[in-house]
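Here's the letter readout for the chains.
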Amino acid sequence: MRTIGLMSGTSLDGVDAAWIETDGQAIGRLGPSLTLPYDAELRRDLRKLLDLAADLPADDPFLLDCERRLTEWHAEAVLKLGQPADLIGFHGQTILHRPAAGQPGKGRTWQIGDATLLARLTRVPVAHDFRTADVAAGGQGAPLVPVFQAVLAAGLPKPVAILNLGGVGNVTWIGSDGQLLAFDTGPANGPLDDWARRSTGADYDVDGRLALAGQVDGAVMASLLRHPFLTQPPPKSLDRLDFDRALREAGADALSPADGAATLVAFCACTVAAAARHFPEPPLQWLVTGGGRRNAAIMRALAAALPEPVRPVEIVGWDGDALEAQAFGVLAARSAAGLPLTYPGTTGVPEPITGGRITAP
């Protein structure tokens with residue numbers, strides 16, 4: 001199939017779109033990709049939704065307006081890509097993620113996005129709602145990209161760790177026998193972006209310059225490192241705001257802009273190092289994707305915290321800006337073919353499970 005994968009992550013910076021030819025099990029061709037940044041108003045409103053989502057009804061006018069604008073932005077990304085497609089993989093925007101591990105029917109994950117509107121605007125069938133079936137079966141509903149990463153990494157020496165640093169960090173460990181282990185590591189760009197916006201007015205810490213100018217606050221770090229998520233065994237996943245309370249209680253709000261950024265960067269690196277303790281054996285290397293790989297302070301902190309080489313995914317020929325969008329192109333094809341999207345080792349679901357729904361134009 002020719003698919004277009006779309007991804008809007010927890011960093012809320014825009015839509016990634018990528019064309020891919022795949023049957024869901026192998027990759028025929030990786031085609032063009034693009035990023036369509038959100039305008040300031042939509043980004044601000046999406047961030048506001050994160051704070052409101054737990055209490056919002058599904059028919060709230062503000063939410064529905066955001067959903068419409070978000071969907072139109074995704075349609076614009078598809079049209080700008082200008083590639084023929086048989087199917088679109090539409091993740092939407094996560095505004096709430098509250099899985100209940102091992103408790104079927106108790107968890108909740110909420111992605112906004114109007115698949116019917118997107119199919120009408122693009123005139124292409126849309127695969128969507130990729131997480132619900134997993135959470136309903138007692139899985140974490142995240143991460144979803146490991147099955148795609150395993151295909152990409154087929155020719156790489158193993159074990160290998162693939163670290164995605166978006167708003168939240170997640171890692172996929174692939175063993176020499178193909179074993180998959182994946183889970184969220186902790187906060188990544190999300191709190192750092194929020195910190196930069198509150199303390200400097202910038203949307204994010206460009207190139208890590210703010211963090212590189214600061215000093216890590218030992219007391220705040222010590223408090224954050226006591227968070228129970230860090231010792232919890234996988235499978236585990238996070239909502240983007242799960243650590244906000246811990247940051248306030250640790251006294252992070254009293255730090256200077258530079259020291260706060262430096263402390264958040266150091267904490268991100270420490271959570272990744274803590275995650276490595278759950279691997280069956282150490283990786284030969286860490287391959288970093290997501291916006292965090294462009295932050296010099298984060299990459300420097302990871303290199304100091306991890307004994308293995310830490311490199312951006314471009315070192316093995318992957319496109320770190322397109323990777324998640326490409327993944328949803330593959331997941332769309334897998335959904336259409338009835339193939340599993342998640343596994344016990346990736347989300348803790350009891351057995352491999354398919355997911356997603358397809359909406360025709």
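Above this text is the structure in question.
Given the structure is predicted, the values throughout are model-derived calculations rather than measurements.

Cut-offs and rules
Residues numbered from 1 in each chain as written. Predicted model: local features only at pLDDT ≥ 70, side-chain atom pairs only at ≥ 80, totals over all residues. Heavy atoms only, no water. Helix = DSSP H or I, 4+ residues; strand = E, 2+ residues; numbered from the N terminus. Rg over C-alpha atoms; globule rule 2.2 N^0.38 Å. Buried < 20%, exposed > 50% of the residue type's maximum accessible area, 1.4 Å probe, protein only. Contact = heavy atoms within 4.5 Å. Lys, Arg positive; Asp, Glu negative; His and termini not counted. Charge placed at Lys NZ, Arg CZ, Asp CG, Glu CD. Pairing = 2+ DSSP bridges. Axes fitted to C-alpha atoms, helices over the stretch in contact; angles between N-to-C directions. Expected span 1.5 Å × (residues − 1). Salt bridge = Lys/Arg side-chain N within 4 Å of Asp/Glu carboxyl O. Left-handed = near helix turned anticlockwise from the far one by under 90°. Nonpolar A, V, L, I, M, F, W, Y, C, P; charged D, E, K, R; others polar. Disulfide = S-S within 2.5 Å.

Draft legend 1. Looking closely at the overall build of the protein. Secondary structure summary: the protein contains 13 helices and 13 strands in total. Computed over C-alpha atoms, the radius of gyration of the protein comes to 19 Å, within 12% of the 21 Å expected from 2.2 N^0.38 for 361 residues, which places it in the range of a compact globule. Viewed in the frame of its principal axes, the protein has a C-alpha envelope of about 55 × 50 × 40 Å. Looking at the protein as a whole, 55% of its 361 residues qualify as buried. Nonlocal contacts in the protein, meaning residues at least 24 apart in sequence, comprise 69% of its contacts between residues at least 6 apart. Mean positive and mean negative side-chain charge positions of the protein (31 and 40 charges, respectively) differ by 0 Å.

Draft legend 2. Broad picture of the pairing of strand β10 (residues 180-187). Within β10, 8 of the 8 residues are buried, which leaves it mostly tucked inside the rest of the structure. Note: strand β9 (residues 168-174) against β10, 7 bridges, orientation antiparallel. By the bridge assignment, Gly169 is partnered in β10 with Gly186. Counted along the chain from β9 to the antiparallel partner β10, the turn is 5 residues long, and its residue Gly178 has a positive phi close to 90°.

Draft legend 3. Expanded view of the sheet that holds strand β8 (residues 160-165). Read across the open sheet, the 5 strands follow the order β10-β9-β8-β11-β12; overall the sheet is mixed. At either end of the open sheet lies a strand with only one pairing partner, and these are β10 and β12 (310-312). Between one strand axis and the next, the sheet turns through 25° on average, direction left out of account. Sitting on the sheet, helix α10 (residues 257-275) is in contact with β8, β10 and β11 (286-289), with an inclination near 155° to β10. Lying on the sheet, helix α11 (residues 296-305) is in contact with β8, β11 and β12; it crosses β12 at an angle near 150°.

Draft legend 4. Representation of helix α6 (residues 189-200) within the structure. When the terminal C-alpha atoms of α6 are compared, their 16 Å separation across 12 residues agrees well with the 16 Å that a helix rising 1.5 Å per residue should span. Once α6 ends, the next one or two residues include Gly201, with phi positive near 85°.

Draft legend 5. Quick peek at the pattern of salt bridges. Under the counting rule described, the total for this entry stands at 23 salt bridges. Among the ionic pairs, Asp194 bridges to Arg197, the shortest N-O distance being 3.2 Å. Taken as a pair, Asp194 and Arg197 lie in helix α6 at a separation of 3 residues, close to a single helical turn. A residue is classified by how much of its surface remains accessible, and Asp194, at 5% relative accessible area, is buried. We note a salt bridge from Arg197 to Asp203, for which the minimum N-O separation is 3.8 Å. Through salt bridges that share partners, Arg43, Arg47, Asp51, Asp193, Asp194, Arg197, Asp203 and Arg240 make up one connected network.

Draft legend 6. Highlighting unusual backbone geometry. Put simply, Ala142 and Pro143 share a cis peptide bond, and its omega is -10°. As for its placement among the helices and strands, Pro143 is situated in the loop between α4 (132-136) and α5 (146-152). Along the chain, Pro234 connects to Pro235 via a cis peptide bond; the corresponding omega equals 10°. Mapped onto the elements, Pro235 comes out in the loop between α8 (218-224) and α9 (244-249). The residue Leu12 is not glycine, and still its phi comes out positive at about 60°. For Leu12, a relative accessible area of 2% gives the class buried. With a phi close to 55°, Asp129 is a non-glycine residue in the positive phi region.

Draft legend 7. Inspection of the packing of helix α2 (residues 61-81) against helix α3 (residues 115-122) at higher detail. One way to put it is that α2 packs onto α3 with a least axis distance of 9 Å and a crossing angle of 35°. Seen from above, α2 lies across α3 with right-handed handedness. Within the contact between the two elements, α2 uses Arg68, Thr71, Glu72, His74, Ala75 and Val78 and α3 uses Leu117, Leu118, Leu121 and Thr122. Counted by class, the contact of α2 with α3 contains 5 nonpolar, 3 polar and 2 charged residues.

Draft legend 8. Representation of the state of the cysteines in the model. Summed over the entire model, instances satisfying the criterion amount to 0 disulfides. No disulfide involves Cys270; its sulfur sits 9.3 Å from that of Cys268, the nearest cysteine.

Draft legend 9. Molecular detail of helix α1 (residues 40-52). Counted at 1.5 Å a residue, the expected span for α1 with its 13 residues is 18 Å, and the 19 Å between its end C-alpha atoms agrees. Looking at α1, one finds that the buried residues are Leu42, Arg43, Asp45, Leu46, Arg47, Leu49 and Leu50. The elements touched by buried residues of α1 are α2, β5 (93-98), β6 (108-112), α6 and α9.

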